[in-house]
Amino acid sequence: MRLPGLCLLAALAGVSPAKPPARAAPPQPSGPERDAAVASALRRAEGATPGGPEARRLAVELQEFGSGYLRSGDSGRAIELLGEAYALDEGNGSALAELTLAYAKEEDYDAAAFYLRLAEERGAAALPETLATYSTLGEIFYGVHRLEDAVVAWSEAARLGGQDPVLLRRLARSRDELAVARGQRSLSTENFSLFAEPAIPESILRDAADDLEAAHRAQSAFFGVPLARRQVVVLYGGRAFFALASVPDWVSGVYDGKIRVALRAAAADDPAALSTVLAHELAHALMRQASGDRAPGWLHEGLAQWLEGRRLSREEARAAMRGRGAGSIEELESRFPGAMDRAQARALYAQSLSLVEYVVSVRGEGALACVVARLREGDSIADALRAETALGPRELFQGWRAWIGA
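Keep in mind it's a predicted model, so treat the numbers as computed, not measured.

Draft legend 1. Geometry of helix 13 (residues 297-308). Look at helix 13: 16 Å from first C-alpha to last across 12 residues, which is about the 16 Å you get at 1.5 Å a residue. Extensive coverage of helix 13 is indicated by the burial of 12 of its 12 residues. Of the residues one or two after helix 13, glycine 309 is the one with positive phi, at around 105°.

Next comes the structure, spelled out in structure tokens:
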């Protein structure tokens, strides 16, 4: 029996590194008043000698305006002003760091990487706000699987005094991951950025991209939301990364913000198996987004199996859980995520899938999509179940037990 991949969100992704407190930004004018102030600063900058006292003062002024635009989400305008500030004073490490971040937020990763290397060469002053900028850059680069750039950014954050344990763990993990990712090639589609190790044939990479787009069409219709941005997918020809991340040897796919799949030697002979794993992990990605990351583990795993196309008969559900099933919804949830052997995982996954199948049988699959949406709106799982299925956790569990004849 092929077991679907564990959703190891806590184990792999961790929590975002704590950001050091940044200095309070000076109050800035807004609207037409700000536009006039920015225009005035740019006019004065035209006659300033780069590197001179007046240029350095204007650089600080323009950086503050650029920072304000960056915080408000206008990274394009921020690039213009921060670029001008850096041109006036190349010793302004904070302006250079924020310019790098602005390019990253514009998704111009090549430009961001260029300025990141420049910042690494010049060395920024150890200011709390600069440390926070490099921490954020590391997260952005890691998220789009630019591992070398993530290592540089997090290394700069650590050099500037970032001794937060989570930051240091992320730096260490990105270095280890980079070591096993050499030679990966990439393929981009409308909704996915795929990376594959050299051992994976080009035909498998292309088939995986097609399968993911097909699964996305079906699953985004089910949840009522598409992916908010391109999803990173990494295909491994072996288990080096999975061993690094302490993923059990019976797990073939994980979702930790990226979809990661370890292909078995026979993957080329069984393309359906890869397609199934990809659909399962994509369901985790979409459910995390559709629920505001508030879906409980049993619903994550049950729905991911349902959406990959797996089904269990009631007899199979009883047999899989014999002696190992949870005695309540609360107990089932307490076991996700957690270390478990193959037999324990089989029982818990079967129970989760069977619970989802029971809801579908008595209320329809649309009720499950509505439960997920209510979680995003702030409902508890108990309230969401009652509103969309007329079943609280206790009634759901009792009804399900009767349904399978347990």
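Draft legend 2. Seen up close, the pairing of strand 3 (residues 231-236). Across the six residues that make up strand 3, a large majority, six, are buried. Burial along strand 3 is two-sided: the face carrying Gln231, Val233 and Leu235 and the face carrying Val232, Val234 and Tyr236 are both buried. In terms of handedness, the path from strand 2 (residues 192-196) via helix 10 (residues 202-223) over to strand 3 forms a crossover that is left-handed. When strand 3 meets strand 5 (residues 259-262), the two strands line up parallel, connected through four bridges. Among the inter-strand pairings, valine 234 is bridged to a residue of strand 5, identified as arginine 260.

Draft legend 3. Geometry of unusual backbone geometry. Of note, serine 246 is a non-glycine position whose phi angle comes to about 60°, a positive value. Mapping serine 246 onto the fold places it in the loop between helix 11 (240-244) and strand 4 (253-255). For aspartate 293, which is not glycine, the phi dihedral falls at a positive 60°. When you line up the elements, aspartate 293 lands in the loop between helix 12 (271-290) and helix 13. You can call aspartate 293 partly exposed: its relative accessible area is 43%.

Draft legend 4. Fine view of the environment of alanine 285. Checked against the element boundaries, alanine 285 lands in helix 12. When the C-alpha atoms of alanine 285 and alanine 304 are compared, they prove to be 9.6 Å apart, with 19 residues separating the residues in sequence.

Draft legend 5. Examining the sheet that holds strand 3 more closely. Pairing is mixed in the open sheet, where five strands are placed in the order 1-2-3-5-4. Of all strands in the sheet, those bounded by a partner on one side alone are strand 1 (185-188) and strand 4. Each adjacent strand pair in this sheet contributes to an overall mean axis angle of 15°, direction not counted. When strand 1 meets strand 2, the two strands line up antiparallel, connected through four bridges. Directly across from serine 188, in strand 2, lies its bridge partner serine 193.

Draft legend 6. The arrangement of the nonpolar core in detail. Phe223, Leu235, Leu278, Trp298, Leu299, Leu303 and Leu396 are the most contacted members of the largest nonpolar core, which totals 78 residues. Residue contacts for leucine 299: discarding those within four places in its chain leaves Met287, Ala304, Val356, Leu368, Val371, Val372, Leu375 and Ile381. Among the nonpolar cores identified, the runner-up in size contains 52 residues, and Leu82, Ala97, Ala112 and Leu118 belong to it.

Draft legend 7. Local environment of the side chain of glutamate 301. Inspection of the secondary structure assignment puts glutamate 301 in helix 13. With no salt bridge to any partner, buried glutamate 301 finds its closest opposite charge in arginine 310, at an N-O distance of 8.7 Å. A distance of 3.4 Å separates the side chain of glutamate 301 from the side chain of histidine 284, its partner in a polar contact.

Draft legend 8. Spotlight on the packing of aromatic side chains. Within the structure shown, the criterion is met by 11 aromatic pairs. Considering the side-chain rings of tyrosine 236 and phenylalanine 242, the 6.0 Å spacing of their centres and the 70° angle between planes classify their relative orientation as edge-to-face. Side by side, tyrosine 236 and phenylalanine 242 carry an identical accessibility label, which is buried. Put simply, the rings of Tyr103, Phe114 and Tyr115 touch in pairs and so form one group of aromatic residues. Lying over the aromatic face of tyrosine 69, arginine 34 brings its terminal NZ or CZ to 3.9 Å of the ring centre. Sitting above the plane of the tyrosine 142 ring, lysine 258 keeps its charged end 3.7 Å from the centroid.

Draft legend 9. Spatial organisation of the side chain of serine 174. Looking at the element boundaries, serine 174 is found in helix 9 (residues 165-179). Side-chain polar atoms of serine 174 contact the backbone oxygen of leucine 171, separated by 2.9 Å.

Draft legend 10. How the structure looks around helix 12. With 20 residues, helix 12 extends 28 Å from end C-alpha to end C-alpha; this agrees with the ideal 28 Å at 1.5 Å per step. Just downstream of helix 12, glycine 292 is the residue with a positive phi angle, here 65°.

Draft legend 11. Local environment of the pattern of salt bridges. In the structure shown here, the tally under the stated rule is 18 salt bridges. As a salt-bridge pair, glutamate 148 and arginine 182 come within 3.1 Å of each other at their nearest N and O atoms. Of the two residues, glutamate 148 is situated in helix 8 (residues 147-159) and arginine 182 in the loop between helix 9 and strand 1; the sequence distance between them amounts to 34 residues. Residue glutamate 148 is classed as partly exposed on the basis of its relative accessible area, which comes to 41%. Residue classification places arginine 182 among the exposed positions, given a relative accessible area of 52%. Its salt-bridge partner being arginine 288, residue aspartate 293 comes within 3.6 Å of it at the nearest N-O pair. Members of the salt-bridge network, linked through shared partners, are Arg44, Glu54, Arg57 and Glu61.

The rules behind these values
Residues numbered from 1 in each chain as written. Predicted model: local features only at pLDDT ≥ 70, side-chain atom pairs only at ≥ 80, totals over all residues. Heavy atoms only, no water. Helix = DSSP H or I, 4+ residues; strand = E, 2+ residues; numbered from the N terminus. Expected span 1.5 Å × (residues − 1). Buried < 20%, exposed > 50% of the residue type's maximum accessible area, 1.4 Å probe, protein only. Right-handed = clockwise from strand over helix to strand, strands pointing away. Pairing = 2+ DSSP bridges. Axes fitted to C-alpha atoms, helices over the stretch in contact; angles between N-to-C directions. Core = buried A, V, L, I, M, F, W, Y, C linked by side-chain atoms within 4.5 Å. Contact = heavy atoms within 4.5 Å. Lys, Arg positive; Asp, Glu negative; His and termini not counted. Salt bridge = Lys/Arg side-chain N within 4 Å of Asp/Glu carboxyl O. Polar contact = N/O pair within 3.5 Å; in protein donor to acceptor, adjacent residues only side chain to side chain. Phe/Tyr/Trp six-rings, centres within 6.5 Å; stacked < 30°, edge-to-face > 60°. Lys NZ or Arg CZ within 6 Å of the ring centre and 35° of its normal.

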